[in-house]
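Structure assessment
Chain residues, written in single-letter form:
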Amino acid sequence: PTGAGLVAIACRSCHSVGLRSDGTVVTWGGNRRGQRDDAPACTGFVAIACGWGHSVGLRDDGTVVTWGADDDWQRRDAPTSAGLVAIACGSFHSVALRNDGTVV
């Protein structure tokens, strides 16, 4: 990736995501499933995670943004509620931890 200021990285299969100190994300690697083209241009990210062909970003308002592959419902099944405090991805799914300790 170009530029400095990365505070976190995540990678899976053939793509990678970096979280910058300003809350933006940068992507590199494969793009066959939109892992790079679909990456959000907004700010406010505090965490990132990568699945096989999809990625998830946790925003500072407790919501998630997903991008990349959705052929196995990786994005459509992603948590959509607010109050999320942590995220993780498996190959074809995503999970999040709510502020009350429940997993969605």
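None of these values were measured; they are calculated from a predicted model.

A closer look at the sheet that holds strand β6 (residues 64-68)
Taken in spatial order, the 3 strands make up an open sheet running β4-β5-β6, and their pairing is antiparallel. On the outer flanks of this sheet lie β4 (45-50) and β6, each paired with one strand and no other. When strand polarity is set aside, the average angle formed by the axes of neighbouring strands in this sheet is 20°. Across 5 bridges, the pairing between strand β5 (residues 54-59) and β6 is antiparallel. Paired with S55 across the strands is W67, a residue of β6.

Some remarks on the confidence of the model for the protein chain
Scored by pLDDT, the protein chain has a mean of 85; 84% of the residues are at 70 or more. By mean pLDDT, β6 is the weakest element of the protein chain at 87, and β4 is the strongest at 95.

Brief notes about the environment of P40
Mapped onto the fold, P40 is located in the loop between β3 (25-29) and β4. Since its relative accessible area comes to 13%, P40 is described here as buried. Here the alpha-carbon distance between P40 and T66, two residues 26 residues apart in the chain, equals 8.3 Å. With sequence-adjacent residues up to four places away left out, P40 is seen in contact with V25, F45, V65 and W67.

Concerning the sheet that holds strand β1 (residues 6-12)
Spatial strand order, β1-β2-β3: 3 strands in an open sheet with antiparallel pairing. The two strands at the open ends of the sheet, each matched to only one other strand, are β1 and β3. Within the sheet, the average angular offset between the axes of one strand and its neighbour, ignoring direction, is 20°. Bridge count between strand β2 (residues 15-20) and β3: 5 bridges; the pairing is antiparallel. Note that in β3 the partner of S16 across the bridge is W28.

Criteria and thresholds
Residues numbered from 1 in each chain as written. Predicted model: local features only at pLDDT ≥ 70, side-chain atom pairs only at ≥ 80, totals over all residues. Heavy atoms only, no water. Pairing = 2+ DSSP bridges. Helix = DSSP H or I, 4+ residues; strand = E, 2+ residues; numbered from the N terminus. Axes fitted to C-alpha atoms, helices over the stretch in contact; angles between N-to-C directions. pLDDT = per-residue confidence, 0-100. Buried < 20%, exposed > 50% of the residue type's maximum accessible area, 1.4 Å probe, protein only. Contact = heavy atoms within 4.5 Å.

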